[in-house]
Amino acid sequence: MDTITREDLNDLLQEADPAAVLRLAEQVGKRATVRILQHPTQETLMVQVNDPITHGRFYSGEVLATSSVVQVNGTNGWAMVMDDNPELSLSMAILDGAWGDGCRKEQIRELALQAKKARFLRQQRQQAEVAATAVKFDLM
Amino acid sequence: MSYVAVKGGIDAIRASRSLYRKMLAGGFFGDEAPHPTQLLAIDRIMSEGALYSQQLARQAIDEAGGDLLEAAFYLRAHRSTCRRAGVADPIETGDIRCMRRISATFKDIVGGQVLGPSSDYLVKLFSREQPDGEYCPPGSAQTPVQRLPSALGELRKQGMIMVPEVYEESPFDITRYSPQSPYPRSALMQMMARGETGAMLAFAYTSMRGYGDVHPTIGDLRLGMAEVTCTHPFTGNRVRVGEIRVTAVETVGAFKKDPADGKLRLATGFGFCFGFNETKAIAMSILDLALTYPGYSIGESGPAASSEMIMHHIDGVESMGFTNHFKLPHYVTFQADLQTYARAKKHHD
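Every value quoted in this text rests on a predicted model; they were computed, and no experiment measured them.

**What to know about the overall build of chain B**
Inference 1: Looking only at helices and strands, chain B has 11 helices and eight strands in total.
Inference 2: Once the C-alpha set of chain B is aligned to its principal axes, its extents read approximately 80 × 55 × 55 Å.
Inference 3: Per-residue burial over chain B gives 46% buried out of 349 residues.
Inference 4: Split by element, the accessible area of chain B, about 17800 Å² in all, is 56% carbon and sulfur.
Inference 5: Side chains of chain B give 37 positive and 38 negative charges; the mean places of these two sets differ by 2 Å.

**Here's the deal with the overall build of chain A**
Inference 1: Within chain A one finds four helices and five strands.
Inference 2: Starting at the N terminus, the α and β elements of chain A follow one another as α-α-β-β-β-α-α-β-β.
Inference 3: Burial status across chain A gives 56% buried among its 140 residues.
Inference 4: Counting contacts in chain A only where the partners sit at least 6 residues apart, residues at least 24 apart contribute 58% of the total.
Inference 5: A total accessible area of about 5700 Å² is found for chain A, and carbon and sulfur atoms account for 49% of it.
Inference 6: Looking at chain A, you have 15 positive and 19 negative side-chain charges, and the mean spots of the two groups are 6 Å apart.

**Some details on the packing of helix H7 (residues 197-208) of chain B against helix H8 (residues 278-292) of chain B**
Residues and elements named next belong to chain B.
Inference 1: Remark: H7 packs on H8, axes separated minimally by 8 Å, with the N-to-C direction vectors making an angle of 45°. As judged from the angle between their axes, H7 and H8 are oblique. In this structure, H7 meets H8 at a crossing whose hand is left-handed. Along the contact surface, H7 presents Thr-197, Met-200, Leu-201, Phe-203, Ala-204, Ser-207 and Met-208, while H8 presents Thr-279, Lys-280, Ala-283, Met-284, Ile-286, Leu-287 and Ala-290.
Inference 2: Among the residues forming the contact of H7 with H8, the class breakdown is 10 nonpolar, three polar and one charged.

**As for the interface of chain A and chain B**
Inference 1: Between chain A and chain B, the residue contacts involve 56 residues of the former and 93 residues of the latter.
Inference 2: Summed over the three residues of chain A that lose the most area to chain B, namely Ile-53, Tyr-59 and Phe-137 of chain A, the buried surface amounts to 11% of that side.
Inference 3: There are nine salt bridges connecting chain A and chain B.
Inference 4: Glu-15 of chain A serves as the salt-bridge partner of Arg-240 of chain B, at 3.9 Å between the closest nitrogen and oxygen.
Inference 5: Of all the secondary structure elements, the ones that give two or more residues to the side of chain A that touches chain B are helix H1 (6-12), strand E1 (34-50), strand E2 (57-72), strand E3 (75-82), helix H4 (105-131), strand E4 (134-135) and strand E5 (138-139) of chain A.
Inference 6: For the side of chain A that touches chain B, the residue count by class is 23 nonpolar, 16 polar and 17 charged.
Inference 7: As paired strands, E2 of chain A and strand E2 (residues 51-52) of chain B are joined by two bridges and run parallel to one another. By the bridge assignment, Val-63 of chain A is partnered in E2 of chain B with Tyr-52 of chain B.

**Concerning the domain arrangement of chain B**
Inference 1: For chain B, the assigned domains read domain 1 (87-112 + 148-314) and domain 2 (319-348).
Inference 2: For domain 1 of chain B and domain 2 of chain B, the distance between their C-alpha centroids amounts to 42 Å.

**A word on helix H2 (residues 18-31) of chain A**
Residue and element names in this part refer to chain A.
Inference 1: Given a rise of 1.5 Å per residue, 14 residues ought to cover 20 Å, and the 20 Å separating the end C-alpha atoms of H2 matches this to within 8%.
Inference 2: Regarding H2, the residues found buried are Ala-20, Val-21, Leu-24, Ala-25 and Val-28. In an axial view of H2, the angular spread of the buried residues amounts to 135°, which keeps them on one side of the axis. For H2, exposure combined with an orientation more than 90 degrees from the buried face picks out Glu-26 and Lys-30.
Inference 3: Those residues of H2 that are buried are in contact with E2, helix H3 (86-101) and H4.

**Considering the pattern of salt bridges**
Inference 1: As enumerated under the stated definition, the model contains 37 salt bridges over all chains in all.
Inference 2: One salt bridge connects Asp-173 of chain B with Arg-84 of chain B, and the closest N-O pair in it is separated by 2.8 Å. Of this pair, Asp-173 of chain B sits in the loop between helix H5 (153-157) and helix H6 (185-193) while Arg-84 of chain B sits in strand E3 (residues 83-87); the two residues are 89 residues apart in sequence, bridging distant segments of the chain.
Inference 3: Overall, the relative accessible area of 7% leaves Asp-173 of chain B in the buried class.
Inference 4: Among the residues examined, Arg-84 of chain B registers a relative accessible area of 16% and is labelled buried.
Inference 5: Residue Arg-100 of chain B is joined to Asp-120 of chain B by a salt bridge in which the shortest nitrogen-to-oxygen separation is 2.8 Å. Taken together, the positions of Arg-100 of chain B in strand E4 (residues 97-102) and Asp-120 of chain B in the loop between strand E5 (113-114) and H5 put the pair 20 residues apart, joining distant regions of the chain.
Inference 6: Here Arg-100 of chain B falls in the buried class, since its relative accessible area comes to 1%.
Inference 7: In this structure Asp-120 of chain B comes out as partly exposed when scored by relative accessible area, which is 45%.
Inference 8: The structure contains a network of salt bridges with shared partners spanning Asp-11, Glu-15, Arg-119 and Arg-122 of chain A together with Glu-32, Arg-97, Glu-227, Arg-240 and Glu-243 of chain B.

**Quick look at the packing of H2 of chain A against H3 of chain A**
Helix packing geometry: the angle between the two helix axes and the distance between the axes.
All names here are of chain A.
Inference 1: Look at H2 against H3: their axes get within 9 Å of each other, and the N-to-C directions meet at 50°. One finds that H2 runs oblique with respect to H3. Crossing hand, H2 versus H3: left-handed. Along the contact surface, H2 presents Val-21, Leu-22, Leu-24, Ala-25 and Val-28, while H3 presents Glu-87, Leu-88, Ser-91, Met-92, Ile-94, Leu-95 and Ala-98.

Calculation notes
Residues numbered from 1 in each chain as written. Chains lettered and ligands numbered in written order. Predicted model: local features only at pLDDT ≥ 70, side-chain atom pairs only at ≥ 80, totals over all residues. Heavy atoms only, no water. Helix = DSSP H or I, 4+ residues; strand = E, 2+ residues; numbered from the N terminus. Buried < 20%, exposed > 50% of the residue type's maximum accessible area, 1.4 Å probe, protein only. Areas by Shrake-Rupley, 256 points an atom, 1.4 Å probe, with all protein chains shown as cover. Lys, Arg positive; Asp, Glu negative; His and termini not counted. Charge placed at Lys NZ, Arg CZ, Asp CG, Glu CD. Contact = heavy atoms within 4.5 Å. Axes fitted to C-alpha atoms, helices over the stretch in contact; angles between N-to-C directions. Parallel < 35°, antiparallel > 145°, perpendicular 65-115°, else oblique. Left-handed = near helix turned anticlockwise from the far one by under 90°. Nonpolar A, V, L, I, M, F, W, Y, C, P; charged D, E, K, R; others polar. Buried area = accessible area lost by both parts, 1.4 Å probe. Salt bridge = Lys/Arg side-chain N within 4 Å of Asp/Glu carboxyl O. Pairing = 2+ DSSP bridges. Domains from an automatic or database assignment. Expected span 1.5 Å × (residues − 1). Arc of directions from axis to C-beta.

Quick look at the structure:
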């Protein structure tokens, strides 16, 4: 539960308190040299699906994402967040670069951990609510 | 065709109804679905617009005054203005975090029948009364529901399900190239995944009624969350971008002689779309059965079994655009029509 990797950041920080993510990115900006290589940009990711009938694949549509690329003290940082969310994307890219650079790593980790715990609880609650609808019918 | 009468499940049905109401009130998904009262409309146009964006879908519904065909058009148009960053890792239906999974083929399946949030059990009458407060507390759950194997898995393991041979190195992309007949399976599946729900339902219905013979059994219907993952550009490792709501259906048709070895096997069809939209996914799986096994159609020529028919008539944005273009000034062409009419009338009358 306590393990956080750099790859986890892109996922977990989207579920952290957005204000806290922005604040931490600002703090990184005050301590480190941040260069924006790609301003937040709307992009799409094509979604492909494994076809259970033929074991082939097909495309079902695209997901809208906002991605940013930065450099923090010369270390590249990247983020791709769901939907149209430029501020969060840029802040997360800064935190990704900061993690790579070793800047404020412990605070970033703490923020991601909080999000991970909140997700765990939310999914646990959802699972329990869904499981309450499990049914075993009797044949008449 | 036959049905089996079953009884029981009252508590689960109550919990299902309650969870459905809770979902539309925003209490189930929370921030995962920021506009709960429009959840299913948003899901429908994200699928038909072929762009998963809850924010823009909500905005599109507002801009279009609730006209879902028009709203899907907004999404489709916006999609064409965005750069494509790449292709996400394939979604495996077995990895979907299930919110609902049922099977009409077997009563007892691995993971159980999970009704989830569903309107199936609601009486469709307006009521001034508040919901009856029925709710099964989470504590009553037996086992956590997460990733479940397909209910048809056992039949597959036993070699009872046909695997049609398809030779495609990579999926066809109808947004980049115009497919030519005979259409690759992946092109047809992509077209159906973004098809208009009503059109697909109508064509699937032709196959059930007088123009075909597809009357399948739902093998596995699941609604849930699928991960969207890609590669981190700087570490080269897999990274999760987010989760999307999806619907996936496998249906079982009749048995046929497998051309691979001549043995009798069951034919299956697949439906998949963005969002929670059971009707569309089931219709897609029926069309898949009709297209893949046209012998089900009377004289092999029913509309649902025609790949030309399906490929060119289920896209809501295209068909709406073509239909509405008749409103545009046709003054010159109509003058020509009138002249032709005048000459014909002179000769005829």
